[in-house]
Amino acid sequence: MNPRKLALLFVLGSVLVPVSQAQIKHIEMRVEGMT
Amino acid sequence: MKQHLGRQSGVQKVDVSLIDGKVEVTPKEDGQIDPAQLLKAVHDSGVSVAEMEVTARGKIVKDADGNLALQASPGQSFAIAPNDLLKTVEPLADSPAVVTLRGELYRKPAGKKKAAASAPLKLLILEVQKKE
């Protein structure tokens, strides 16, 4: 593969992968009035 | 309430502790879960939420007004309330760095018996767990 294409893929990958891995991992609530 | 929460999109598991009034929600693998929707679901089941904490991984971004927010997914971001810990992540704004934060997303206003279900959610950082 063309080295320029490879470099572009690497740059895009390093930017896009962290965003796709972004997420909410855990939610905790304290509630009142629960029976 | 547990069933009501379990039906919300993105929810994998709900654990309720009646003793200390704690509700733990485990999101599905994709993490596509809406805390505001959960808050409303709890409200709709007749229970009041005193506080909500989240652990989220995402990028620090700046909105149009220059305020910082945590982008937890491409279509979901939470405005960050100013505190000392905000300063530690401020330099990462609009960079490709990813952070894992634990923070308070909602707290029932003092003196109110019932809080509004649609209160604006702002993330008050309690702990910066990881910077990548």
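Since this is a predicted model, take the numbers as computed values, not measurements.

## Quick look at the overall build of chain B
A tally of helices and strands in chain B yields three helices and seven strands. Helices and strands in chain B line up, N terminus first, as α-β-β-α-β-β-β-α-β-β. Taken over C-alpha atoms, the radius of gyration comes to 15 Å for chain B, in line with the 14 Å a tight globule of 132 residues would show. Within chain B, the proportion of its 132 residues that are buried is 27%.

## Notes on the interface of chain B and chain A
Between chain B and chain A, the residue contacts involve 34 residues of the former and 18 residues of the latter. For the side of chain B that touches chain A, the secondary-structure elements that each account for two or more residues are β2 (22–27), α2 (35–44), β3 (48–62) and β4 (68–73) of chain B. At 12 residues, β3(B) tops the list of elements feeding residues into the side of chain B that touches chain A. Along the lines of polarity and charge, the residues of the side of chain B that touches chain A split into 19 nonpolar, eight polar and seven charged. Of the pairings in the sheet, the one linking strand β1 (residues 23–32) of chain A to β3(B) comprises nine bridges and is antiparallel in character.

## Quick look at the domain arrangement of chain B
Residues and elements named next belong to chain B. Domain boundaries assigned for chain B yield domain 1 (1–49) and domain 2 (54–108 + 117–132). With nine residues of domain 1 at the interface, the matching set in domain 2 holds seven residues. The biggest single contributor to the side of domain 1 that touches domain 2 is α2, with five residues. Counted by class, the side of domain 1 that touches domain 2 contains four nonpolar, four polar and one charged residues.

Here is what the cut-offs are and how they apply
Residues numbered from 1 in each chain as written. Chains lettered and ligands numbered in written order. Predicted model: local features only at pLDDT ≥ 70, side-chain atom pairs only at ≥ 80, totals over all residues. Helix = DSSP H or I, 4+ residues; strand = E, 2+ residues; numbered from the N terminus. Rg over C-alpha atoms; globule rule 2.2 N^0.38 Å. Buried ≥ 20, exposed ≤ 12 C-beta atoms within 10 Å, placed from the backbone. Contact = placed C-beta atoms within 7 Å. Nonpolar A, V, L, I, M, F, W, Y, C, P; charged D, E, K, R; others polar. Pairing = 2+ DSSP bridges. Domains from an automatic or database assignment.

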